[in-house]
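The chain contents come next:
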Amino acid sequence: MTELARKRPEFRNINALKDLPTYRLPAAGIVSILHRISGFLMFLLMPLFIWLFDNSITSEISFAKFTAAFEIGVGFVPGWIFKLLALALIWAYLHHFIAGMRHIYMDAFHAVSKEFGKSSAVVTLVLSLGLTAVLAAKLFGLY
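About the criteria used
Residues numbered from 1 in each chain as written. Predicted model: local features only at pLDDT ≥ 70, side-chain atom pairs only at ≥ 80, totals over all residues. Heavy atoms only, no water. Helix = DSSP H or I, 4+ residues; strand = E, 2+ residues; numbered from the N terminus. Rg over C-alpha atoms; globule rule 2.2 N^0.38 Å. Buried < 20%, exposed > 50% of the residue type's maximum accessible area, 1.4 Å probe, protein only. Contact = heavy atoms within 4.5 Å. Areas by Shrake-Rupley, 256 points an atom, 1.4 Å probe, with all protein chains shown as cover. Expected span 1.5 Å × (residues − 1). Arc of directions from axis to C-beta. Polar contact = N/O pair within 3.5 Å; in protein donor to acceptor, adjacent residues only side chain to side chain. Core = buried A, V, L, I, M, F, W, Y, C linked by side-chain atoms within 4.5 Å.

Novice: Tell me about the overall build of the protein chain, residues and numbers included.
Specialist: When helices and strands are tallied, the protein chain shows 6 helices and 0 strands. Counting helices and strands in the order they occur from the N terminus, the protein chain gives α-α-α-α-α-α. Taken over C-alpha atoms, the radius of gyration comes to 22 Å for the protein chain, far larger than the 15 Å a tight globule of 143 residues would show. Summarising its shape, the C-alpha atoms of the protein chain cover approximately 80 × 40 × 25 Å along the three principal directions. Residue burial in the protein chain is summarised as follows: out of 143 residues, 29% are buried. Across the protein chain, every contact between residues at least 6 apart in sequence was considered, and the portion connecting residues at least 24 apart equals 65%. Per element, the accessible surface of the protein chain, about 10900 Å² overall, is 71% carbon and sulfur.

Encoded structure:
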């Protein structure tokens, strides 16, 4: 064998249980994965969103049922479950919107560099989680 043939890189399969927990994903990778998860979450929670919107505008009685769902719950499901689902929808929307604006900015101004990718990813995470925390405080009645 020649020396070149011996120095070829070895490609191996990734063991999901052993290799993936030790892999350190960069901030831009985390934002990218969360962008996909938030889009999927918005798609899954769309029936809940449509139900919430329908119940909030149909009549005064349906609005009372709507607010009761968040206060005491529906059937055997307590109200805090609906609040958590609404909070998940709020986070998904905020993260997806902010990450989408990040991508639009990068596309429009050709701001594609490793440094900008990292800093804009951190800004995206901080903004989406910070705004979600503020709205969670409002949703759970802290102010």
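Further notes follow.
Novice: Give me helix α4 (residues 60–71): which residues, what numbers.
Specialist: Between its terminal C-alpha atoms α4 stretches 16 Å, which fits the 16 Å expected from 12 residues at 1.5 Å a residue. Among all positions of α4, only Ser 62, Phe 66, Ala 69 and Phe 70 are buried. Along the long axis of α4, the arc covered by the buried residues comes to 95 degrees, so they all point the same way. Exposed residues lying more than 90 degrees from the buried face of α4 are Glu 60, Ile 61 and Glu 71. Residues of α4 that are buried in the fold lie against α3 (46–57) and α5 (79–109). Two or three places before Ile 61, at the start of α4, stands the capping residue Ser 59, its side-chain oxygen 3.4 Å from that residue's backbone nitrogen. Once α4 finishes, Gly 73 follows within two positions and takes phi at roughly 105 degrees, a positive value.

Novice: Just give me the short version of helix α6 (residues 114–139), but keep the residues and values in it.
Specialist: An ideal rise of 1.5 Å per residue puts 38 Å on 26 residues; α6 measures up with 37 Å between its terminal C-alpha atoms. When α6 is considered as a whole, its buried residues turn out to be Gly 117, Ser 120, Ala 121, Thr 124, Leu 125, Ser 128, Thr 132, Ala 136 and Ala 137. Buried residues along α6 sit in contact with α2 (27–44) and α5. Remark: Gly 141 follows α6 within two positions and exhibits a positive phi of approximately 80 degrees.

Novice: Requested: an account of the side chain of Ser 128, with residues and values cited.
Specialist: Assignment of secondary structure puts Ser 128 in helix α6. The contacts of Ser 128, once residues within four sequence positions are left out, are Trp 91, Leu 94, His 95 and Ile 98.

Novice: Before we move on, could you go through the nonpolar core and cite the residues and values that matter?
Specialist: Grouped burial of nonpolar side chains is what soluble globular proteins tend to show. Counting 11 residues, the largest nonpolar core is built from Met 42, Leu 45, Leu 48, Leu 52, Phe 66, Phe 70, Phe 82, Ala 86, Leu 89, Trp 91 and Ala 92. Counting residues per element, the ones that place at least two in this core are α3, α4 and α5. Among the elements that take part in this core, α5 stands out by supplying 5 residues, more than any other. Ignoring sequence-local partners within four residues, the contact set of Ala 86 consists of Phe 70 and Leu 139. Grouped together as the second largest cluster of nonpolar side chains are 5 residues, Ala 27, Val 31, Ala 121 and Leu 125 included.

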